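# Descriptive structure summary
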Amino acid sequence: MSKRIEAVDLDLDRDLFLRKFVRELSGSLEDVIGVEAAEGYISTVGSSVGRWIDDSYKEAMGTRRLSAEEVGEVCIDLKKRIGGDFYLISASRDELVFGNRRCPFGAAVKDRPSLCMMTSNVFGRITADNLGYARVELQETIAQGDPGCRVVVRLTQTPGNAVSEREYYRAFDPDLAEGP
């Protein structure tokens, strides 16, 4: 390779490339099939990623199930590890409310609301698989122009869900099934 090419001062690395790739992929999906359908595709990926992250934390912690407090801590920790700045606004028996000052996707998330399904599904999957149920509402998002994110994870089922909420249920796990 020529010294001239190697000497080019260019802000390009694997992380930036992958964020740009994901942004363009989500944008193409939103343009071709619409935001709602794009959210569905990204939700599928988010659910798989959420299960992988949940399993990784539980294995590293040597446990089969996380408590509600640990679920909140895991959600914050995983986002910090990937470049987000999530924090817990409040926690009760019925809900966890998170704030966020920096998206892991960086500027690539602007005008790509379908990417927020990663947060919804990862938080929803981890919560439901450990606590049995989750209903996630993305009340504010950086993707939609808000200065930060506000994510509410409801831990109990109640009638009258908002249209913007997504429900998650624990998948059956035969290893955790109670015996006769």
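Keep in mind that this is a model prediction, so the values were computed, not measured.

### A few points about the nonpolar core
If you look at the biggest cluster of nonpolar residues, it comprises 21 residues, and the most contacted ones within it are Leu 78, Phe 98, Phe 123, Ile 126, Val 151 and Val 153. Residue contributions to this core peak at five residues, all from helix 4 (residues 68–81). Here Phe 98 is in contact with Gly 72, Cys 75, Ile 76, Phe 86, Tyr 87, Leu 88, Ile 89, Phe 123, Cys 149, Arg 150, Val 151 and Val 153, once residues within four sequence places are set aside. Grouped together as the second largest cluster of nonpolar side chains are eleven residues, Cys 103, Cys 116, Met 118 and Cys 149 included.

### A closer look at the pairing of strand 1 (residues 86–91)
In this sheet, strand 2 (residues 95–100) lies alongside strand 1 in antiparallel orientation, the contact comprising five bridges. Bridged to Leu 88 within strand 2 is Phe 98. Taking the residues that link successive antiparallel strands as the turn, the strand 1-strand 2 hairpin has three residues.

### Brief notes about the packing of aromatic side chains
In this structure the tally under the stated criterion is four aromatic pairs. On the numbers, 5.6 Å between centres and 70° between planes, the contact of Phe 86 with Phe 123 is edge-to-face. Taken as a pair, Phe 86 in strand 1 and Phe 123 in helix 5 (residues 116–131) lie far apart in primary sequence, 37 residues in all. Its relative accessible area of 2% is what places Phe 86 among the buried residues. Ring pairs connect the aromatic residues Phe 86, Phe 98 and Phe 123, which therefore count as one cluster.

### Concerning the packing of helix 2 (residues 14–33) against helix 3 (residues 35–61)
Interaxial distance between helix 2 and helix 3 falls to 7 Å at its minimum, and their mutual angle equals 135°. If you check the angle between helix 2 and helix 3, you find them oblique. The way helix 2 lies across helix 3 gives a crossing that is right-handed. Packed against helix 2, whose contacting residues are Ser 26, Leu 29, Glu 30 and Ile 33, the element helix 3 presents Val 35, Ala 37, Ala 38, Tyr 41 and Ile 42 at the interface. Considered class by class, the residues forming the contact of helix 2 with helix 3 number seven nonpolar, one polar and one charged.

Criteria and cut-off values
- Residues numbered from 1 in each chain as written.
- Predicted model: local features only at pLDDT ≥ 70, side-chain atom pairs only at ≥ 80, totals over all residues.
- Heavy atoms only, no water.
- Core = buried A, V, L, I, M, F, W, Y, C linked by side-chain atoms within 4.5 Å.
- Buried < 20%, exposed > 50% of the residue type's maximum accessible area, 1.4 Å probe, protein only.
- Helix = DSSP H or I, 4+ residues; strand = E, 2+ residues; numbered from the N terminus.
- Contact = heavy atoms within 4.5 Å.
- Pairing = 2+ DSSP bridges.
- Phe/Tyr/Trp six-rings, centres within 6.5 Å; stacked < 30°, edge-to-face > 60°.
- Axes fitted to C-alpha atoms, helices over the stretch in contact; angles between N-to-C directions.
- Parallel < 35°, antiparallel > 145°, perpendicular 65-115°, else oblique.
- Left-handed = near helix turned anticlockwise from the far one by under 90°.
- Nonpolar A, V, L, I, M, F, W, Y, C, P; charged D, E, K, R; others polar.

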